[in-house]
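An overview of the molecular structure
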Amino acid sequence: MTQYDTAVARYFEAWNATGPEALAKAVAAAWTEDGGYTDPLAQARGHEQLATVIAGAREQFPGHEFRLTGAVDGHHDMARFTWELVSTADGSAPVAATDVITLAEDGRIRSVLGFLDRVPTSG
């Protein structure tokens, strides 16, 4: 497993964590203390804000989990990957995205830039 695969695995552990304690621990393992996350719908910096954004997404999509789709592609201190938010009940995936991460020297994420490829439409 490469440093990129390891970082992305920790990233998904954070996004799929349940409960405040598990989430806080997973965020600390995945991101540097001043790590950030930016996508079209959210922006966060630091462990507390990151945990809040993740908890909000989990509340908005109960019964869903974040899953890697395809391989992680990395070079230097950057990697990109795609993912879906999948319903554990029926396998539908209302959200899909491409993320680009920058890693710190310790292998944790310094920043995430997220690009939403598919989002639910309001009806």
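Here the residue numbering is sequential within each chain, running from 1 through the sequence in written order. Only residues with pLDDT of at least 70 are given local features in this predicted model, and only at 80 or more are side-chain atom pairs given and counted; all residues enter the totals for whole chains, interfaces and linings. In computing side-chain properties, one takes all heavy atoms of the structure into account and sets aside hydrogens as well as water.

The name given to the protein chain in an unreviewed UniProt entry is Nuclear transport factor 2 family protein, and the organism recorded there is Streptomyces endocoffeicus.

**Considerations on the packing of aromatic side chains**
Our working definition: The rule is short: rings of Phe, Tyr and Trp, with Trp giving its six-membered ring, pair when the centres are within 6.5 Å, and they are stacked under 30 degrees, edge-to-face over 60, tilted in between. What counts as a helix is a DSSP run of H or I of at least four residues, what counts as a strand is a run of E of at least two, and both are numbered from the N terminus. Any residue under 20% of the maximum accessible area for its type is buried, any over 50% is exposed, and the rest in between are partly exposed; the area is computed with a 1.4 Å probe on protein chains only.
Per the stated rule, a full pass over the model turns up 8 aromatic pairs. Note on Tyr-11 and Phe-81: the rings are 5.3 Å apart at their centroids and 75° apart in plane angle, and the pair reads as edge-to-face. One end of the pair, Tyr-11, is in helix H1 (residues 3-15); the other, Phe-81, is in strand S4 (residues 78-87), and 70 residues separate them in sequence. Taking relative accessible area as the criterion, Tyr-11 reaches 1% and is therefore assigned buried. Geometrically, the ring pair formed by Trp-15 and Phe-66 is tilted, given 4.9 Å between the ring centres and 50° between the ring planes.

**Concerning the pattern of salt bridges**
Note the cut-off: Note on definitions: salt bridges are taken to be side-chain nitrogens of Lys or Arg within 4 Å of carboxyl oxygens of Asp or Glu.
Enumeration according to the criterion identifies 6 salt bridges in this entry. Put simply, Arg-67 and Glu-65 hold a salt bridge, and the shortest N to O gap is 2.7 Å. Using a relative accessible area of 29% as the deciding quantity, one classes Glu-65 as partly exposed. Salt bridges here are not isolated pairs; linked through shared partners, they connect Glu-33, Asp-106 and Arg-108.

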